[in-house]
Structures are given as C-alpha cells and as structure tokens.
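Structural characterization, general
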Amino acid sequence: RVRRLLSRPARTPRGGIAVTRQPPDTGSAALAWIAVFKFVKSAVLVAFAFVVHGLTHAQAQQHFVYWLGHNAMSPHTQLLQHAAQWLDGTSPSRIDLAVGAALVYATLYAVEGWGLWRRKSWAFWVTLVATSLFVPLEIWGLTTHPTGLRAAALGINLAIVSYLAVMLRRHR
C-alpha cells in the first residue's frame, strides 16, 4: 500500500496532478559561471580576511608599507595606498570587525555558489535576494567614486539578478 501511494502522482485540492518544483534551467552554462563567480568572490574575501588579520601586528604593517614603497609602479598602487592609510588609522578591534564581516560574506557567497552548482531551487532565491541587496550600494559607490571596477561589478551583478529573475519567472 505504501509503495502504491508513493508511486501515485500527488493531487491538488481540485483533483489535478501537482507539479513538483525542480530548480529552473538545470542545464545552463550561465548558471555554472554564476556559481564559479560566487566561489571566486568567496575565496577572495577569505584571502582578504587572512591578509588583513595578519596586518594587525605592527611589524606586519611595517613590512606592508615597505613592500608598498617598492611596488609604486604597480597598477594597483592607488588601492594599496588606500589600504595602507586605512590600516594606519584603524584600531585592531575595527580590523577584526572587518575580518569578521568579510568571512560572513565569504560564507554567504560560498553557500550561494554551492547551491547554484548543485542546482538547488533555494539557491536561486538566496542569490537573487542577496545580490539585489547590494545593487543600491554599488550604484551609490559608482556615483560617488566612479571606477571601471565598480562599473564592472555593478554590470555583472545586474546581469546575475536579471538572469535569475527571468529563470525564476519562467519556472513559475
């Protein structure tokens, strides 16, 4: 009897056959790219957290400033100088807070990436909501301090939100 119940299709209250929800677009290469992008963001944030946490010691800060002085021709010099200024005027507890926030976001990105890679339907919603929440901040950042990197990040995130919204709408 149990086997027979399990093999029957589920019925809706009106007697129709219930459709089980599968994750949308299960064979998409774009979805795999989004998952990889989330994994890369997670890895970058973990690396950032370890580097910044290591720079809380005065000797490590001195090595960083020395290294920065010898790499003045690097294409990332401005970013590195901002990082050095931030470290110079920041207390260790504030640095620990930044490290903790980076690790929380890294965990979120890793969970999103894993869920999308495994084609979990909840991951579509989590990624859509989480990525959408950052769009206003990215627009504000782009309008106050426009850079190519910020414009690219905004464009990628808008593309991800649009793609997932279309996939979820089609699946309804």
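Throughout what follows, the structure given in this document is the object of discussion.

Criteria and cut-off values
Residues numbered from 1 in each chain as written. Predicted model: local features only at pLDDT ≥ 70, side-chain atom pairs only at ≥ 80, totals over all residues. Heavy atoms only, no water. Helix = DSSP H or I, 4+ residues; strand = E, 2+ residues; numbered from the N terminus. Expected span 1.5 Å × (residues − 1). Buried < 20%, exposed > 50% of the residue type's maximum accessible area, 1.4 Å probe, protein only. Phe/Tyr/Trp six-rings, centres within 6.5 Å; stacked < 30°, edge-to-face > 60°. Axes fitted to C-alpha atoms, helices over the stretch in contact; angles between N-to-C directions. Parallel < 35°, antiparallel > 145°, perpendicular 65-115°, else oblique. Left-handed = near helix turned anticlockwise from the far one by under 90°. Contact = heavy atoms within 4.5 Å. Nonpolar A, V, L, I, M, F, W, Y, C, P; charged D, E, K, R; others polar. Salt bridge = Lys/Arg side-chain N within 4 Å of Asp/Glu carboxyl O. Patch = residues over 30% accessible without salt bridge, like charges linked within 9 Å, V, L, I, M, F, W, Y side chains within 5 Å. Areas by Shrake-Rupley, 256 points an atom, 1.4 Å probe, with all protein chains shown as cover.

Let's talk about helix H5 (residues 92-117)
The terminal C-alpha atoms of H5 lie 37 Å apart, and with 26 residues this matches the ideal 38 Å at 1.5 Å per residue to within 8%. For H5, the full list of buried residues reads Ile 95, Val 99, Ala 102, Ala 106, Tyr 109, Glu 112, Gly 113, Gly 115 and Leu 116. Arg 119 occupies a position one or two residues after H5 and carries a positive phi of about 60°.

Some words on the packing of aromatic side chains
Here the structure, examined in full by the defined rule, presents two aromatic pairs. Each ring, one from Tyr 105 and one from Phe 134, has its centre 5.5 Å from the other, and the planes form 65°; the classification is edge-to-face. Of the two residues, Tyr 105 is situated in helix H5 and Phe 134 in helix H6 (residues 121-144); the sequence distance between them amounts to 29 residues. With relative accessibility at 37%, the residue Tyr 105 sits in the partly exposed group. When its relative accessible area of 21% is taken as the criterion, Phe 134 is described as partly exposed. Judged by centre distance (6.3 Å) and plane angle (25°), the ring pair of Trp 114 and Trp 122 falls under stacked.

Focus on the packing of H6 against helix H7 (residues 148-171)
With their axes 9 Å apart at the nearest point, H6 and H7 run at an angle of 150° to one another. Taken together, the axis directions place H6 and H7 in an arrangement best described as roughly antiparallel. Between H6 and H7 the crossing geometry is left-handed. Along the contact surface, H6 presents Phe 124, Trp 125, Thr 127, Leu 128, Thr 131, Ser 132, Val 135, Glu 138, Ile 139, Gly 141 and Leu 142, while H7 presents Arg 150, Ala 151, Ala 153, Leu 154, Asn 157, Leu 158, Ile 160, Val 161, Leu 164, Ala 165 and Leu 168. The residue makeup of the contact of H6 with H7, split by class, is 15 nonpolar, five polar and two charged.

Topic: unusual backbone geometry
Although it is not a glycine, Arg 119 adopts a positive phi angle of roughly 60°. Position of Arg 119 relative to the elements: it lies in the loop between H5 and H6.

Points about the pattern of salt bridges
Taken as a whole and assessed by the stated rule, the structure comprises one salt bridge. Residue Glu 112 is joined to Lys 38 by a salt bridge in which the shortest nitrogen-to-oxygen separation is 2.9 Å. Here Glu 112 is found in helix H5, whereas its partner Lys 38 is found in helix H2 (residues 29-54), with 74 residues between them in sequence. Overall, Glu 112 belongs to the buried group, its relative accessible area being 0%.

What to know about a nonpolar patch on the surface
A contiguous nonpolar surface patch, about 970 Å² in accessible area, is contributed by Trp 33, Val 36, Phe 39, Val 40, Val 44, Val 111, Trp 114, Trp 117, Trp 122 and Val 126. When residues of the nonpolar patch are traced back to their parent elements, those giving at least two are H2, H5 and H6. No other element matches the five residues that H2 contributes to the nonpolar patch. Tracing the sequence through the fold places Val 40 in helix H2.

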